[in-house]
Amino acid sequence: MIPIDYNKLIHSATYYLSYQDRIGRNFMIDESSLKYPIADYLSGLEIPLTQIQLEYSHPDLKKRQIDLITTDASKKQIESAFEFKISRQNTKYETEQKRIFNDLMRLHLIANSKKTSCYFIMAGKHSDFIQFFRSIATKRPSGTSKDLPAPEGFYTEWFKFKAKEVCTFDVKNSPGVAYKNIYSSFLIDYKPKDDSGILTLPDKITTTCMEISPLSREFPTPYVGGIWKIE
């Protein structure tokens, strides 16, 4: 596996989205948009395009796909897997919380069964990334402070927001009803590819923040993002 420069990878994604925004194509931006700059970055590492596949059938789950994978030269082994999301206002609601957990589970299953490097990437407009993903405030802040708010809210159970910080969350003994509902929904909505198999939740999932955009409120870039390794 060719080493990934996570700083360059996340900048490839956010600069691409910022460019689309600046030329008036922000209406076209969704999570599928991230496939293009990430695939371009990986191909720049001299990974042949034949070893980069989009919408790859999940090896363990029935009728489910992974956004992007890279394979070894034989094309038989998955070397890395990526899932993408764009932060928007609905990111703070249960429907998107479920979709994000489902991404983490899909990646966790591959990481454990295939010993693959698995990554989750979240990107979005600067304000959306902070307000609806990183720092979901229970109360609207007063004034117009330029200080970056501390991480808070729903997703701080699953993610850290500083490079190299690790978060391990307990799936079996979740901290509240909202999380329990999301975890149990995965077992209802997903089925193992092997009809004789039984799908179970792991005890724990670990996410490591590999890189995150500078989030200065004084000089923000239009789009920011982060990448987390899932184990």
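J.: Looking at this model, I keep getting lost on unusual backbone geometry. Mind explaining?
T.: When glycine is set aside, most residues are seen to have a negative phi, and most peptide bonds are trans. Backbone geometry places glutamate 46, a non-glycine residue, at a positive phi of 70 degrees. Within the secondary structure, glutamate 46 is located in the loop between α2 (35-44) and β1 (52-57). Under the relative-accessibility criterion, glutamate 46 is labelled exposed at 68%. Despite not being glycine, lysine 63 shows a phi value in the positive range, around 55 degrees. Following the sequence through the fold, lysine 63 ends up in the loop between β1 and β2 (65-71). In this structure lysine 63 comes out as exposed when scored by relative accessible area, which is 80%.

J.: Just to check I follow, could you spell out the sheet that holds β2 for this structure?
T.: Hydrogen bonding along the main chain pairs the strands of a sheet, whether they run parallel or antiparallel. Strand order in the open sheet formed by 7 strands is β1-β2-β3-β4-β7-β6-β5, with mixed pairing between adjacent strands. At either margin of the open sheet sits one strand with a lone partner, and together these are β1 and β5 (166-170). Sheet twist, expressed as the mean angle between neighbouring strand axes with direction ignored, is 30 degrees. Strand direction decides the pairing type here: β2 and strand β3 (residues 78-87), joined by 4 bridges, are antiparallel. What sits directly across from threonine 71, in β3, is isoleucine 78. The strands that helix α4 (residues 126-134) touches are β3, β4 (117-125), β6 (204-212) and β7 (223-230); relative to β4, the one it contacts most, it runs at about 115 degrees.

J.: In this structure, what is going on with the nonpolar core? I would like to understand it.
T.: Generally speaking, nonpolar side chains in soluble globular proteins are found buried as a group. Core analysis: the largest hydrophobic core is formed by 40 residues, its most contacted members being Phe101, Phe120, Trp158, Phe159, Tyr183, Phe186 and Trp228. Take this core: its biggest share by element is 8 residues, from helix α3 (residues 94-114). Ignoring anything within four residues of it in the chain, the contact list for tyrosine 183 reads Phe101, Trp158, Phe169, Asp170, Val171, Ser174 and Leu201. The next biggest cluster of nonpolar side chains, apart from the first, holds 24 residues, and it includes Ile4, Tyr6, Leu9 and Leu17.

J.: How should the pairing of β6 be read in this particular structure?
T.: The two faces of a sheet get side chains in turn, since along a regular strand they alternate between them. For β6, the tally of buried residues reaches 8 of 9 residues, placing the bulk of the element in the interior. Pairing of β5 with β6 involves 5 bridges; the strand directions are antiparallel. Along β6, the bridge assignment pairs threonine 168 with threonine 206.

J.: I tried to follow helix α1 (residues 6-22) on my own but got confused; where do I start?
T.: Think of an α-helix as turning once every 3.6 residues; residues three or four places apart then point the same way. Along its 17 residues, α1 runs 24 Å from first to last C-alpha, staying within 8% of the 24 Å computed at 1.5 Å per residue. For α1, the complete set of buried residues consists of Tyr6, Leu9, Ile10, His11, Ala13, Thr14, Leu17, Ser18, Gln20 and Asp21. Contact partners of the buried residues in α1: α2, β3, β4, β6 and β7. Where α1 begins, the capping side chain belongs to aspartate 5, and its oxygen is found 3.1 Å from the backbone nitrogen of asparagine 7. Two residues or fewer after α1 comes glycine 24, characterised by a positive phi angle close to 85 degrees.

Criteria and cut-off values
- In this numbering scheme, every chain counts its residues from 1 along its sequence in written order.
- The predicted nature of this model means local features are confined to residues of pLDDT at least 70 and side-chain atom pairs, given and counted, to a pLDDT of 80 or more, with totals for whole chains, interfaces and linings taken over all residues.
- To get the side-chain values, take all heavy atoms of the structure and skip hydrogens and water.
- Segments assigned H or I by DSSP are reported as helices when at least four residues long, segments assigned E as strands when at least two residues long, and all are numbered from the N terminus.
- Type-normalised accessible area, obtained with a 1.4 Å probe on protein chains alone, sets the label of each residue: buried when under 20%, exposed when over 50%, and partly exposed for intermediate values.
- What makes two strands pair is DSSP finding at least two bridges between them.
- Working convention: axes come from line fits to C-alpha atoms, limited for helices to the stretch in contact. Angles between N-to-C directions cover 0 to 180 degrees.
- Residue contacts follow a heavy-atom distance rule, with two residues in contact if any of their heavy atoms lie within 4.5 Å.
- What we call a nonpolar core is a set of buried Ala, Val, Leu, Ile, Met, Phe, Trp, Tyr and Cys residues that are connected through their side-chain atoms within 4.5 Å.
- Between the first and last residue of a helix there are one fewer steps than residues, each counted as 1.5 Å, and that sum is the expected span.
- Counting of polar contacts relies on pairs of N or O atoms within 3.5 Å, with two restrictions inside protein: one atom must be capable of donating a hydrogen and the other of accepting it, and residues adjacent in sequence are counted only when both atoms are side-chain atoms.

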